[in-house]
There are 2 protein chains.
Amino acid sequence: MKAHIITIGDEILIGQTLNTNAAFIGEKLTGLQIKISSTSVVPDEEETVIEEFNNASSNSDLIIVTGGLGPTHDDVTRKCAVKYFNTELIENDEVLGDIKKYFEARGRVLTDTNRGQALVPKIAAVIRNSRGTAPGYWIEKNKKIFVFMPGVPYEMKMMMENFVIPRLEENIKRKTFTVIDNLLSTGIPESMLFDRLGNIEELLQGAKMAFLPSQFGVKMRITVESETEDLAKNKISEIEQKIRAKVGRFIFGKNDDTLEGVIAKMMIDRGLKLSVAESCTGGLILNRLTNINGSSKFLERGVVAYSNAAKVELLHVSEDTIQKYGAVSLEVARQLAEGVKAISGSDIGLAVTGIMGPTGGNENKPVGLVYIGICDSNICSAKEFRFGDDRLLNKDRTSQAALDMLRRLLLGISDED
Amino acid sequence: MKAHIITIGDEILIGQTLNTNAAFIGEKLTGLQIKISSTSVVPDEEETVIEEFNNASSNSDLIIVTGGLGPTHDDVTRKCAVKYFNTELIENDEVLGDIKKYFEARGRVLTDTNRGQALVPKIAAVIRNSRGTAPGYWIEKNKKIFVFMPGVPYEMKMMMENFVIPRLEENIKRKTFTVIDNLLSTGIPESMLFDRLGNIEELLQGAKMAFLPSQFGVKMRITVESETEDLAKNKISEIEQKIRAKVGRFIFGKNDDTLEGVIAKMMIDRGLKLSVAESCTGGLILNRLTNINGSSKFLERGVVAYSNAAKVELLHVSEDTIQKYGAVSLEVARQLAEGVKAISGSDIGLAVTGIMGPTGGNENKPVGLVYIGICDSNICSAKEFRFGDDRLLNKDRTSQAALDMLRRLLLGISDED
């Protein structure tokens, strides 16, 4: 089975909105071993949308369409589906009931605009929407499957999980198995990683591997195809072991792992408490850690000490040290980490200070200069980093380097290169 | 001039990476009045890539290709360009010089893998890369323009800004002018916004308008096409005034404005200081505020008071209040805001407490329950919100509601609805 994903919406085409829907659907279909032949984005124009339905069905068996099902006048997808399948709209009682319930729960009045969303193409199986008012449709015709879902990611995801994926699973007959594994590294550049792995063809033995760099590190994606799932899994785990033997200390996780998630698990398993003092990253490290459900089990508190007063009053950094070395210095990073550990009674204190840019740098302390401090009951150390000139990328890189120092401390991995 | 954007890379197709490049390029081309006919994503496979070059050039005059120019074996784009244009690779001295300089600056040794990146298609104008090692290419043939750039967003963006956009501007002859304006609202659902605007056709007088909802609010995109730029601008500003008359209090900005940016400007202009106490959002509000360059001018400090101990010790919340009403309560939100204002000597204190989920809720205090407190020298108030059941969306919504309370305080807009 081959799939084509169509995203409808000018906002995607002109770059106002990121196409997260195509990414989510692509990932899920890949998980079902469905090959994605192409992804396309087209404007909210009837003629173009219908032409794209024709294009997609000429080279794919499954066409997944998102967007343009909303209640306002600029949504054209339903109209296009009616024309393309030469069908008509009928009011669906189940959907009308869902919409009424949705409005009642929120204490709002049902408008005609919203009631109109209960009109669905006659030949469609309805995909109900528990998170919004627009239903989705599943339409089979001439051995092609068309799935229509709203563009709101939160609603589309629920429909994929509860309806579309289970129904697709019934439709699939498997022949070859593809297994994909992603090893997530940080703290080493792409070309250095590549060179350390040595002869890549020998390592892979016919498998495929891609290097995907970002400000958070380099993802190594390994793809193995085999006759059975077991064979594929065995081969991929062999390759993984070889890679880990060469660059294992830089690998913090696999696939959907996040550095903050990996750290949270270690901290909770060991019953350790963390506190964080952020200057330049301004809350990003704490925000990443608290994205993890259960973070309250290990994160005691955080201080965003932007001003020098906050550093001195809340975290007991010495005023002399700030005067002598500056707020962006190895010494202040160390004292911030010590301070936040002491005031909170936590097991570990982590701290960053630096210049994120675009302004605020000078010749001695350029934009991109960062110091990260970390303390546990045994040691208290700090390290210098030099990043680039983009504020948001620098915040990302600094948060990643700080979390990686924490990971290395927890695992007892020493610095090298 | 019509454009087609091609993104090459399995990682996009299978949903591991978001297609931010197509969004960025789409936005820039729209700004140049170039219509985007379609965007597509294809896998790292030679045959498919070349086929897509053919497809794109059949319906567009400008084809922008990103991805697959890296130093590793899985990058096929350069090979495809050589075949498609029937040309050959030659070593480019300028590019080789750039690569050598890049490595010297970082104190690293030039490897053969990297030196190979100085080989470029003979017929290409080279687009130099000051942020990485892979050069881009600009190739014109049979009245079609092909632009090739690396997939790393940071490198691609620099090439667009410094080379591609200026060169495209030279190529464009303008006939009709399109002006797009986006009004950014928050705190009101899409259907309610739509209904409050009344007769939309009458309001728009032939202009186009789209409603784009997200967890941060609803964006209203207005598009006007006219013979001159002035006519288009006048018409769009008329429409904007009519919309503001009806729903102005919900509109925090336009186009690339962010709520945090709008707030930062007001705070800095008035010389006010802010401090923030976050419980459930765990640093997200502070992170958003510190994404703004110059945030150190108004943001005094922040406390992420996850534990009750931190709330009591650092922010002087009364233990009795926590015992009587619970940490997630109107009273604690108010005391957190009061506390962070008092310890920092700031003009305004902002605080949030709530249950983000997926766990931690109960019948009386369900997941999604949030209290936001805000204090200045005159008043100290708190408000209850009920959001959904998704942790990360709840963090986004809570941060947006808190920042919007701050905006309304600064503008003297009272609550309503």
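Calculation rules
- Residues numbered from 1 in each chain as written.
- Chains lettered and ligands numbered in written order.
- Predicted model: local features only at pLDDT ≥ 70, side-chain atom pairs only at ≥ 80, totals over all residues.
- Heavy atoms only, no water.
- Contact = heavy atoms within 4.5 Å.
- Buried area = accessible area lost by both parts, 1.4 Å probe.
- Salt bridge = Lys/Arg side-chain N within 4 Å of Asp/Glu carboxyl O.
- Polar contact = N/O pair within 3.5 Å; in protein donor to acceptor, adjacent residues only side chain to side chain.
- Helix = DSSP H or I, 4+ residues; strand = E, 2+ residues; numbered from the N terminus.
- Nonpolar A, V, L, I, M, F, W, Y, C, P; charged D, E, K, R; others polar.
- Pairing = 2+ DSSP bridges.
- Least-squares fit on C-alpha atoms with pLDDT ≥ 70 in both.
- Buried < 20%, exposed > 50% of the residue type's maximum accessible area, 1.4 Å probe, protein only.
- Expected span 1.5 Å × (residues − 1).
- 1 Å grid on protein atoms, 1.4 Å probe; cavity = no way out; pocket = protein on both sides within 12 Å on 5 of 7 lines; lining within 4 Å.
- Points joined across faces, edges and corners; volume = space filled by probe spheres on them.
- Axes fitted to C-alpha atoms, helices over the stretch in contact; angles between N-to-C directions.

Caption draft 1: Representation of the interface of chain A and chain B in the model. Taken together, the contact pairs 89 residues of chain A with 88 residues of chain B. Of the roughly 6,800 Å² buried at the junction of chain A and chain B (both faces included), carbon and sulfur atoms supply 51%. At the boundary of chain A and chain B, one finds 6 salt bridges. Measuring nitrogen to oxygen at the nearest pair gives 3.6 Å for the salt bridge that ties Arg221 of chain B to Asp10 of chain A. Here chain A and chain B share 37 residue pairs in polar contact (both at pLDDT 80 or more) between them. Examining the composition of the side of chain A that touches chain B, we find that 7 residues originate from one element, strand S2 (residues 35–42) of chain A, more than from any other. Residues belonging to the side of chain A that touches chain B are distributed by class as follows: 35 nonpolar, 31 polar and 23 charged. Relative to strand S2 (residues 35–42) of chain B, S2 of chain A runs antiparallel, the two sharing 3 bridges. By the bridge assignment, Thr39 of chain A is partnered in S2 of chain B with Val41 of chain B.

Caption draft 2: Inspection of the relation of the copies chain A and chain B at higher detail. Overlay of chain A on chain B (RMSD 0.1 Å): rotation 180 degrees, translation along the axis 0.0 Å. One copy is carried onto the other by what is essentially a two-fold rotation axis. When the interface residues of chain A are mapped onto chain B, 99% of them again lie at the interface, so the same face is used by both copies.

Caption draft 3: Region of the structure containing the pattern of salt bridges. A full pass over the atoms with the stated rule returns 40 salt bridges over all chains. Linking Asp98 of chain A and Arg128 of chain A is a salt bridge whose minimum nitrogen-to-oxygen distance equals 2.9 Å. In this pair, Asp98 of chain A is assigned in helix H5 (residues 93–105) and Arg128 of chain A in the loop between strand S6 (125–127) and strand S7 (136–141), connecting sequence segments 30 residues apart. Taking the relative accessible area as the measure of exposure, Asp98 of chain A reaches 18% and is therefore buried. Of the residues examined, Arg128 of chain A reaches a relative accessible area of 39% and is grouped as partly exposed. For the salt bridge of Asp404 of chain B with Arg408 of chain B, the shortest nitrogen-to-oxygen distance reads 3.4 Å. Residue Asp404 of chain B and its partner Arg408 of chain B are both found in helix H16 (residues 391–411); the two are separated by 4 residues, about one turn of the helix. A relative accessible area of 7% places Asp404 of chain B in the buried class. Each of Asp181, Glu240, Arg244 and Lys254 of chain A takes part in one network of salt bridges that share partners.

Caption draft 4: Geometry of helix H16 (residues 391–411) of chain A. All names here are of chain A. The end-to-end C-alpha distance of H16 is 30 Å, a good match for the 30 Å that 21 residues give at a rise of 1.5 Å each. Burial of H16 is extensive: 17 of the 21 residues sit out of reach of the surface. A distance of 3.2 Å separates the backbone nitrogen of Leu392 from a side-chain oxygen at the start of H16, and that oxygen is part of Asp390. After H16 finishes, the residue Gly412 shows a positive phi value of roughly 65 degrees.

Caption draft 5: Quick look at empty space enclosed by the protein. Scanning the model with the defined rule gives 3 cavities of 30 Å³ or more in all. If you add up the space inside the largest cavity, you get close to 130 Å³. Lining the largest cavity are 17 residues, with Asn19, Ala22 and Val41 of chain A together with Asn19 and Val41 of chain B positioned closest to its centre. Counting only elements with at least two residues in the lining of the largest cavity, the list comes to helix H1 (10–13), helix H2 (20–31) and S2 of chain A together with helix H1 (10–13), helix H2 (20–31) and S2 of chain B. Looking at the lining of the largest cavity residue by residue, the class counts come to 11 nonpolar, 6 polar and no charged. For the second largest cavity, the calculated volume is near 40 Å³. Every residue lining the second largest cavity is listed: Val95, Asp98, Ile99, Arg128, Asn129, Gly132, Thr133, Ala134 and Pro135 of chain A. Here the residues of the lining of the second largest cavity sort into 4 nonpolar, 3 polar and 2 charged.

Caption draft 6: Structural view of the sheet that holds strand S13 (residues 274–278) of chain B. Taken in spatial order, the 10 strands make up an open sheet running S17(A)-S16(A)-S15(A)-S13(A)-S14(A)-S14(B)-S13(B)-S15(B)-S16(B)-S17(B), and their pairing is mixed. Both edges of this open sheet fall to strand S17 (380–386) of chain A together with strand S17 (380–386) of chain B, since each of them pairs with a single strand only. Taking each pair of neighbouring strands and ignoring which way they run, the sheet shows an average axis angle of 10 degrees. As judged from the 5 bridges shared by S13 of chain B and strand S15 (residues 348–354) of chain B, these two strands associate in the parallel manner. Each bridged residue has a counterpart across the sheet, and for Val276 of chain B the counterpart in S15 of chain B is Leu350 of chain B. Against the sheet, helix H15 (residues 330–344) of chain A contacts strand S13 (274–278), strand S14 (299–304), strand S15 (348–354), strand S16 (369–375) and S17 of chain A, and its axis sits at roughly 145 degrees relative to S15 of chain A.

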